[in-house]
Each structure stands twice: as C-alpha cells, then as structure tokens.
Amino acid sequence: MTVRKPYVRPMASWWRRNPFFMRYMLRELTAPFVAIYALILLVGLVSLSQGEAAYNTWLSALTHPASIVLHWLLLVAITYHAITLWQVIPKTMPPVKLAGRALPERAVTVFGCLATLAVSIAAFLLVKLL
Amino acid sequence: MTRKRSNAPVFWALFGAGGALAALLGPVLVFITGIVTPVGIWMPQSALSYDRLLAFSQHWAGKAALFVIVSLFFWHAAHRILHSLHDVGIHIHAGMAAKLLCYGSALLGTVIAAAALLAIGF
C-alpha cells in the first residue's frame, strides 16, 4: 500500500513578494497587539477586584520603562488597525448614493478617521477634566 | 429536516464590533492608560487612582463599558488571529482545535472580566 502524500503548497514568505500582501499581513498583525492590550486591561480589572494593594501594583508596573515602550508599540499598532479598518469599511458596506452620485470610498475612510479623532479628544478630555 | 445553521455570523459580528470599538477607542485608551498617565505628563497620575477606578467600575455604566471593551477586544483579536493562521503556514485554521484555542481564549477572557467586575460589586 502506498501512503498518500498530498501536495501542500509552500506558504513561506509568500506575502513578501507583493506590497499589497505586505500591507495585508501588517494589518492582520495588529490583532495580537489588540489581544495584548486586552490582556493588560484584564489584569488591571482582576487586580482592581482584589483591592487597593493589588491594583497599585498593577498601576506601578505600568510606569516601568519597558511598559511605556510596549504601550508606544501598542499605540502604533492599534492606530494602524483603526486606519485600515476605516479603509475596509466602505468595501463592506452597502453602496451609498448622495445626490445621485456614489459616495467615494475615500470619503468614508476620512469620515471614519475623523470620528476616531473626535472620540479620542472627547475621551481624553473626559478623563482629564471629570 | 432542518439544515444545520452556520455559527460563523456570530463570531464575525463579535469581530466586527470589537474591531470598530478598537478603532474608535483603542488608540486613546492606550495613550491614557499606558503612556501619559504613567509618565505623568498631560494627565495627573491620580486619573487612574484606585478610588476613581473603583467608583467607575461600581457604576453600572462604567461596569458595562469596561466589560464590553475588554471582551470585544478579545473576540476581535481571536477571530482575526484564527483566520491568519493559514497565511503564516499553519493549515489548521478550519480545524476544531484552532477554533477552540482562539475562541476559547476569548471566552475565557470574557468570563474572567465578568467575574472580576461582579466581584467588584455595585
């Protein structure tokens, strides 16, 4: 009996051959950064439920230089996620017509990025002033 | 005979909702909790003090916001990572093991977040 040996197309470095695929992979790579940030927040929530001492340990860990560097990385990755999401939205939503003309994809992307900016400024001021 | 319905739309909806939330709130949250407050520029370190966060998480709206943010971020990341496995040469993305690992992690994160928020009380 012969053992079946199906052909498996090699997948190594396929995405490095084309700038479009590079951008795609970069976009997909934002997911682990979102997961890391969710984990950091989750640890914060658990420590908050354990009392002041545990919470302050979490808070002081955030002041470690390594944590600051990590958060700059997270900021870059999640901002890239935001921009690419607003680029994808017009491709997934139903076509919108304004005064008989199709709404350009770019307009949706710009509007989305402005929404992120507005929400960011509002959230920042809310945390700072309240 | 009833046809078996796909569960894909549920995960896709969680992915989409988490993605939109991360796009709107992700950058500013990272900026506040991880950069300006710990460093103490533009935002006093008291902005994330125990008393303040405790009061926020005890209010129903704050509790809901924290739960939605943490859990949806997990579901978004889990779905995207699952579907990227094939791209990096791990050809088990359609398999039950990969699904259990990715969605299971998100579910675990969701359950822990809910348990912590309930333990904090109202």
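Residues numbered from 1 in each chain as written. Chains lettered and ligands numbered in written order. Predicted model: local features only at pLDDT ≥ 70, side-chain atom pairs only at ≥ 80, totals over all residues. Heavy atoms only, no water.

1. Considering the nonpolar core
Tyr37, Leu45, Tyr55 and Phe124 of chain A together with Val70 and Phe73 of chain B are the most contacted members of the largest nonpolar core, which totals 54 residues. Elements with a contribution of two residues or more to this core: α2 (30-49), α3 (52-61), α4 (65-92) and α5 (105-129) of chain A together with α1 (8-39), α2 (50-58), α3 (60-84) and α4 (96-120) of chain B. In this view, Leu45 of chain A contacts Leu66, Val70, Ala113, Ala116, Leu117 and Ile120 of chain B; residues no more than four positions away in its chain are not counted. (Core = buried A, V, L, I, M, F, W, Y, C linked by side-chain atoms within 4.5 Å. Buried < 20%, exposed > 50% of the residue type's maximum accessible area, 1.4 Å probe, protein only. Helix = DSSP H or I, 4+ residues; strand = E, 2+ residues; numbered from the N terminus. Contact = heavy atoms within 4.5 Å.)

2. A short note on the interface of chain B and chain A
Listed per partner, the contact involves 52 residues of chain B and 51 residues of chain A. For the pair chain B and chain A, the summed buried surface comes to about 4,300 Å²; carbon and sulfur atoms form 76% of the total. Considering only the surface of chain B that becomes buried against chain A, Tyr50, Arg80 and Asp87 of chain B emerge as the three largest contributors, covering 16% of it. Put simply, chain B and chain A have one salt bridge between them. For the salt bridge of Arg80 of chain B with Glu28 of chain A, the shortest nitrogen-to-oxygen distance reads 3.4 Å. Scanning the region where chain B abuts chain A turns up 14 residue pairs in polar contact (both at pLDDT 80 or more). Elements with a minimum of two residues in the side of chain B that touches chain A: α1, α2, α3 and α4 of chain B. With 19 residues, the top contributor of residues to the side of chain B that touches chain A is α1 of chain B. (Buried area = accessible area lost by both parts, 1.4 Å probe. Salt bridge = Lys/Arg side-chain N within 4 Å of Asp/Glu carboxyl O. Polar contact = N/O pair within 3.5 Å; in protein donor to acceptor, adjacent residues only side chain to side chain.)

3. Quick notes on the environment of Met22 of chain A
Residue and element names in this part refer to chain A. Summarising the element assignment, Met22 is placed in helix α1 (residues 19-28). A residue is classified by how much of its surface remains accessible, and Met22, at 39% relative accessible area, is partly exposed. With 104 residues separating them in the primary sequence, Met22 and Leu126 have C-alpha atoms 37 Å apart. The contact partners of Met22, leaving out residues within four places of it in the chain, are Trp15 and Arg16.

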